[in-house]
Amino acid sequence: MALLELRDVRAKYGAIEALKGISLTVEAGEIVTLIGANGAGKTTTLTSISGLHKPSSGSVVFDGKDLGNVAPHDVVRLGLVHSPEGRRVFPRMTVAENLEMGAYTRDDKAGIQADFARVYELFPVLLERKAQAAGTLSGGEQQMLAVGRAMMTKPRLLLLDEPSLGLAPLIVARIFQVIQTLNQQGVTILLVEQNARMALKIAHRAYVLETGEVTMSGPAADVLADPRVQAAYLGE
Amino acid sequence: MLDTVLQQLLIGLTNGMVFALVALGYTMVYGILEFINFAHGDVFMLSAFVSLTLVGALGLNDQSSAGALAGGLVLCIVASSVFGGLLNLTIDRVVYKPLRKAPKLAPLVSAIGVSFILQNVGLFWGGMSMQIFGGGGQAAAPKAFPNLLPATNLLGASSHVTLQPKDVLVIGASLVVMSALYGIVQFTKLGKAMRATAQDPSAARLMGIDVDQVVSATFLIGGALGGFASVIYSLYINTVHYQMGYQNGLYAFTAAVVGGIGNIPGAVLGGLLLGLVRAFSDQFIGAQWQPAVLFGILIVILVFRPAGLLGSTAREKV
Ligand SMILES: Nc1ncnc2c1ncn2[C@@H]1O[C@H](COP(=O)(O)OP(=O)(O)OP(=O)(O)O)[C@@H](O)[C@H]1O
Ligand SMILES: [Mg+2]
C-alpha cells in the first residue's frame, strides 16, 4: 500500500477548476517530484493533500486513512507536514520559537530536544541565529528554517513547495542536499519544484502536471530524458 | 506647579491604565483576525453592570466593614472578568464566526450592531437595578458605584497631591494583569500559538495549531481584560452608565491604533499616552478642549508614524 494516494482529485477556486482529476501515489521511502509550469496546479495539489484547500471531489488517502474529513491542523498529527510555498516562517517570532511551533503537536520532550539538535546540526546557521526574529533572516536562511520547522513535526511524509525559489545556486545545492539527507533518514518526500532539472536528479519518480492534469509520470531518470520535458521544462 | 504636574501625572496614569486594558482587547482580536470588535467597549460596560449588581445585592457601601469590602472587591473583579470573557466569546461564536469568510464590511457592521444591542441591554439593566435596589432616577441615569476603598490620602492630609488607595489599586492591579498577559503571550504554548496565528494563520494551521481555538481564547482573554478594567474604572469614577463603553471604547480603540494596532505593548503605550495627554490637556488647556487637543495630537502622531508608535513599518522579507 502506498503511503500517499490521490485518486481523481479535483479542486476549485470559485468556478475555476485548478485540478481536473489528479491521481498519484507516493511510496514510503521515496522522493517523488511534481513539476509543471506556473499555474499548472502544483501548489493546489499540495494544499489539497494537507487540507488547507479541500478537494471538491476525489480522495486523498494517507497511510490508509482518508483525509477528506480531517482538519488541516489534525493532518500534522498523522505524520504529514506541508512546508508551504514562499517559506511562510513566523516573521516576528525567533528562530527557536519557529522551530518550537513545528513541535506544537508533540509532547515527547526528549524527542523534541533531539530534533532541535538534529535541525541545528543540519543547519548550523539556525543555531547561531536562534534568538533572532525569523523575518530578519536572509531568504536562504528562512528556507532552511522552514525545512527545519517542518522537520520538528517529526513527519513521515514531507510536502515541500518550491524550496529553491529565489535562492542563490549555492544555497539551492545545499537545500537539495538536505532533502536527500532527510530522505536517507527515512522521511518520504513529495517535492514541488520549478527547478525541474535538480528535482529530477534527486527524485526517484516524477509527475508532470499541465493545467490541472497529470500528463506524464514515471521514473525520474526517464522523465529527465524525455524530449518533451527537456523542451518544456529544462530549456533545451 | 510641581504638585499640579505630579497630580496630573497620577490622574493620567490611572486613566491610561484603564484605556490600556480596554485597548488590549481591541488589539489582540485585531492582531489575529484583522477585525475591529466594535462591541468590545460595550462588553466593558455590561461587565461594569455585573459588578454594580453584585455590589447592590451584597448591600456594600462605604459604611461596610473592611473585610466585606475587600471580599466584595475580589468577587467583583472575578465576576466581571469571567462575564466579560464569556460574553465576548459568545458574541464571536454567534455573530462573527459565521461571517469569518464574508467580505470585511459584514462583520464590521455586525460588530457595530452588537454594540448598539449591548447598549440597549445596559439601558434595560439600569432600569432593572433601579427597581431591585430601590434607587431613584431614570434607567438612563448614571448609577452610583460605591467607593469600596477608603478615601484617605496616602501622602498625608496636608499634601497637595492626592494619592488614594484606589489609585494604588488601579495602577498596581493593572500592572499585575498586564505582566500576566505578557507572560502568557510570550512564554506559554497558547501564547505562542496566538502569536503564530496572528503572523500567519495558514502556516499556523500547517503546524497543527487549531486556529478556531486560538481565536476563541483571544476573545475570552480580551473580554476578561475588559471586564477587569470595568471594575477598576467603576471604582475609580464611582459611576456606571450604559454609555460608558462608547466613549471609553472609542478612546481605547484610538489608543490601540496610536500604539500600533495588533501590537500588545503598543496598546499599553497608546493607552498610557492617551491618559497622560488627556490629563495634562484638561489641566493646562481646559477640559472643554479635550477631544480637539487629544485627537489633534493623535493625528499628528499618526501622520508621522502611520503604523502607530510600535507598529511595524519595515517590510518583512518575503
Ligand atoms: N487562491 C486562489 N484563488 C483563485 N485562483 C487560484 C488561487 N490559487 C490558485 N489559483 C489558480 O489555480 C491555478 C493553479 O494554481 P497553483 O498555485 O496551484 O499553481 P502552481 O503550479 O503552484 O503555480 P506556480 O508555479 O506559479 O506556483 C492557477 O490558474 C491559479 O491562478
Ligand atoms: Mg505554486
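Report follows, based on the coordinates.

Within chain A, the regular secondary structure consists of ten helices and ten strands. Each of the three principal axes of chain A carries a C-alpha extent, and together these read 45 × 40 × 35 Å. A fraction of 67% describes how many contacts in chain A between residues 6 or more apart in sequence connect residues 24 or more apart. As displayed, chain A offers around 9600 Å² of accessible surface, 52% of which is attributable to carbon and sulfur atoms. One finds the centroid of the 24 positive side-chain charges in chain A at a distance of 3 Å from the centroid of its 25 negative side-chain charges.

Moving on: the interface of chain A and chain B. Contact residues are listed per partner, giving 29 residues for chain A and 20 residues for chain B. Between chain A and chain B the total buried area reaches about 2300 Å² when both faces are included, carbon and sulfur atoms providing 58% of it. Our count for the chain A to chain B interface comes out at three salt bridges. Glu 100 of chain A is paired through a salt bridge with Lys 192 of chain B; the nearest N and O atoms lie 2.4 Å apart. Between chain A and chain B we count seven residue pairs in polar contact (both at pLDDT 80 or more) in total. The set of elements that each furnish at least two residues to the side of chain A that touches chain B consists of helix H2 (72–75), strand S6 (80–83), helix H3 (95–102) and helix H6 (139–151) of chain A. If you tally residues by element for the side of chain A that touches chain B, the top one is H3 of chain A, at four residues. Tallied by class, residues from the side of chain A that touches chain B come to eleven nonpolar, ten polar and eight charged.

Turning our attention to the coordination of the magnesium ion (ligand 2). The coordination sphere of the magnesium ion (ligand 2) contains the protein donors Thr 43 of chain A (OG1), Glu 85 of chain A (OE) and Glu 85 of chain A (OE), at a distance range of 1.9 to 2.7 Å. Highlighted residues: Thr 43 of chain A in helix H1 (residues 42–50) and Glu 85 of chain A in the loop between S6 and H3, separated in sequence by 42 residues.

Our focus in this paragraph is the packing of helix H5 (residues 165–187) of chain B against helix H8 (residues 211–237) of chain B. Residues and elements named next belong to chain B. Where H5 meets H8, the axes come as close as 10 Å, and the angle between the chain directions of the two elements is 170 degrees. Taken together, the axes of H5 and H8 are roughly antiparallel relative to one another. Across the interface between the two elements, Lys 166, Asp 167, Leu 169, Val 170, Ala 173, Ser 174, Val 177 and Leu 181 from H5 touch Ile 221, Leu 225, Phe 228, Ile 232, Leu 235 and Tyr 236 from H8. Grouping the amino acids of the contact of H5 with H8 by side-chain chemistry returns eleven nonpolar, one polar and two charged.

This brings us to the environment of Gly 260 of chain B. Residue and element names in this part refer to chain B. By the secondary structure assignment, Gly 260 is in the loop between helix H9 (244–259) and helix H10 (264–286). Along the primary structure Gly 260 and Tyr 26 are separated by 234 residues, whereas in three dimensions their C-alpha atoms are 11 Å apart. Contact partners of Gly 260, with chain neighbours within four places excluded, come to Thr 27, Ala 307, Gly 308, Leu 309 and Gly 311.

So, about unusual backbone geometry. Residues and elements named next belong to chain A. In this structure, Arg 88 takes a positive phi of about 55 degrees despite not being glycine. Locating Arg 88 in the fold gives a position in the loop between S6 and H3. In this structure Arg 88 comes out as partly exposed when scored by relative accessible area, which is 32%. Positive phi, close to 60 degrees, is recorded for Lys 154, a residue that is not glycine. By the element assignment, Lys 154 lies in the loop between H6 and strand S7 (157–161).

Residues and elements named next belong to chain A. Taken together, the five bridges between strand S1 (residues 4–13) and strand S4 (residues 57–62) define a ladder with antiparallel strand orientation. When the sheet's bridge partners are listed, Glu 5 is paired in S4 with Val 61. In the sheet, S4 pairs with strand S5 (residues 65–66) via two bridges, with the strands oriented antiparallel. Looking at S5, one finds that Phe 62 is bridged to Lys 65.

Cut-offs applied
- Residues numbered from 1 in each chain as written.
- Chains lettered and ligands numbered in written order.
- Predicted model: local features only at pLDDT ≥ 70, side-chain atom pairs only at ≥ 80, totals over all residues.
- Heavy atoms only, no water.
- Helix = DSSP H or I, 4+ residues; strand = E, 2+ residues; numbered from the N terminus.
- Contact = heavy atoms within 4.5 Å.
- Areas by Shrake-Rupley, 256 points an atom, 1.4 Å probe, with all protein chains shown as cover.
- Lys, Arg positive; Asp, Glu negative; His and termini not counted.
- Charge placed at Lys NZ, Arg CZ, Asp CG, Glu CD.
- Buried area = accessible area lost by both parts, 1.4 Å probe.
- Salt bridge = Lys/Arg side-chain N within 4 Å of Asp/Glu carboxyl O.
- Polar contact = N/O pair within 3.5 Å; in protein donor to acceptor, adjacent residues only side chain to side chain.
- Nonpolar A, V, L, I, M, F, W, Y, C, P; charged D, E, K, R; others polar.
- Donors = N, O, S within 2.8 Å, 3.2 Å for Na, K, Ca; no water.
- Axes fitted to C-alpha atoms, helices over the stretch in contact; angles between N-to-C directions.
- Parallel < 35°, antiparallel > 145°, perpendicular 65-115°, else oblique.
- Buried < 20%, exposed > 50% of the residue type's maximum accessible area, 1.4 Å probe, protein only.
- Pairing = 2+ DSSP bridges.

Interpretation note: all reported values are geometric properties and have no functional meaning in isolation.
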